[in-house]
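Read off the chains here:
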Amino acid sequence: MKTSRSKGLMKEITLLLRSVPSPVVASYIVAIIIMNLLANKAVPLPYDYIVLDCGFFLSWMVFMTMDMVTRRFGPRAANLLSVIALLANLFMCGIFFGISKLPGEWSASYVDGSEAVINTALDSTFGGTWYVLLGSSIAFLVSAIVNNFMNYMIGLKAESKKKNFATFAFRSYVSTFIGQFVDNLVFALIVSHTFFGLTLLQCVLCALTGAVMELLCEVVFSPIGYKVSQNWEKDNVGAEYIRLYGYGKKNNQ
């Protein structure tokens, strides 16, 4: 029974990866990998109790992609794609960690008198820390599930009678804001609160600040997501996956 289910799941994943346009899948995975690297740099803000990292410059792309996939293929497909992207990110983190342990110097470390310090810092940045990787992985997976199912449920109501940019934006903005807030909060509680001593209030404020900034970025780029989503529907992209795995016209809201 387990073997049959595993084969069925692999068949579904294979078809999903053939159905979602490859540039979208590739950009989604790359965005997640780069987003985690950019998260190592903080954005200076005038308030000590609010923290924002540079990962938000790409997190909007991650959530917008999930919204597009959910709208066309359903939340299960978006969740599967999120797990695939997470595994790809963990694989790359393993490569980065291995490289950080190799002897040698980064080109940026060639500064007179500071070579060792800069080289160590770059190794630490790319090598990462186990609890940061654990926290970010759990936070992403939880927030992806929350975002995808919320986007789907809102879409069932919002687009039941009319599909336009307004309904696309409504379902995307609400699910993205809540999903981003969950992502930031889970990470803050696991990592920032446990290992860096941030208070619960600071964790909530950081999560809220990040969610607002990430939502604003998606607001700017959402017309692109809507246009791509429209083209998928117009060109009947992924028809076989939708037919086989239960997200037909009734569920594909």
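How each quantity is defined
- The residue numbers shown here count from 1 along each chain, following its written sequence.
- In keeping with the predicted nature of the model, local features appear solely for residues at pLDDT of at least 70, side-chain atom pairs appear and are counted solely at 80 or more, and the whole-chain, interface and lining totals rest on all residues.
- Water and hydrogen atoms play no part in the side-chain values, which are based on all heavy atoms of the structure.
- Helix and strand definitions here come from DSSP, where helices need a minimum of 4 consecutive H or I residues and strands a minimum of 2 consecutive E residues; each element is numbered from the N-terminal end.
- Two N or O atoms form a polar contact when they lie within 3.5 Å of each other; inside protein one atom must be a possible hydrogen donor and the other a possible acceptor, and for residues adjacent in sequence the pair counts only when both atoms belong to side chains.
- A pair is scored as a salt bridge if a Lys or Arg side-chain nitrogen falls within 4 Å of a carboxyl oxygen belonging to Asp or Glu.
- Here pLDDT means the predictor's own confidence in every residue, given as a number from 0 to 100.
- Any two residues having at least one pair of non-hydrogen atoms within 4.5 Å are treated as being in contact.
- Every helix has an expected span of 1.5 Å times one less than the residues it contains.
- A simple rule labels every residue: compare its accessible area, found with a 1.4 Å probe on the protein chains alone, to the largest value its type can have, and call it buried under 20%, exposed over 50%, or partly exposed in between.

The next point concerns the side chain of Thr70. Mapped onto the secondary structure, Thr70 falls in helix H3 (residues 56-73). There is a polar contact of 3.5 Å between the side chain of Thr70 and the side chain of Asn148.

Let's shift gears to the pattern of salt bridges. Considering all chains together, one arrives at four salt bridges under this definition. The closest approach of N and O atoms between Glu12 and Arg76, which form a salt bridge, is 2.8 Å. Pair noted here: Glu12 is in helix H1 (residues 2-19) and Arg76 is in helix H4 (residues 75-101), with a separation of 64 residues, a long-range link. Counted as one network, the salt bridges with shared partners bring together Arg71, Glu159 and Arg171.

Moving on: the confidence of the model for the chain. Low pLDDT means the predicted coordinates in that region are not meant to be read closely. Scored by pLDDT, the chain comes out at a mean of 89, with 95% of its residues at no less than 70. Of all helices and strands in the chain, the one with the weakest mean pLDDT is strand S2 (residues 52-53) (78), whereas H4 scores best (95). Note that residues 248-253 has pLDDT below 50 and, in this model, 18 contacts with residues that lie over four places away or in other chains.

Attention shifts here to H3. Across its 18 residues, H3 extends 26 Å between first and last C-alpha, which sits within 8% of the 26 Å expected from 1.5 Å per residue. Counted residue by residue, H3 has 16 buried out of 18 residues, so it is predominantly covered.

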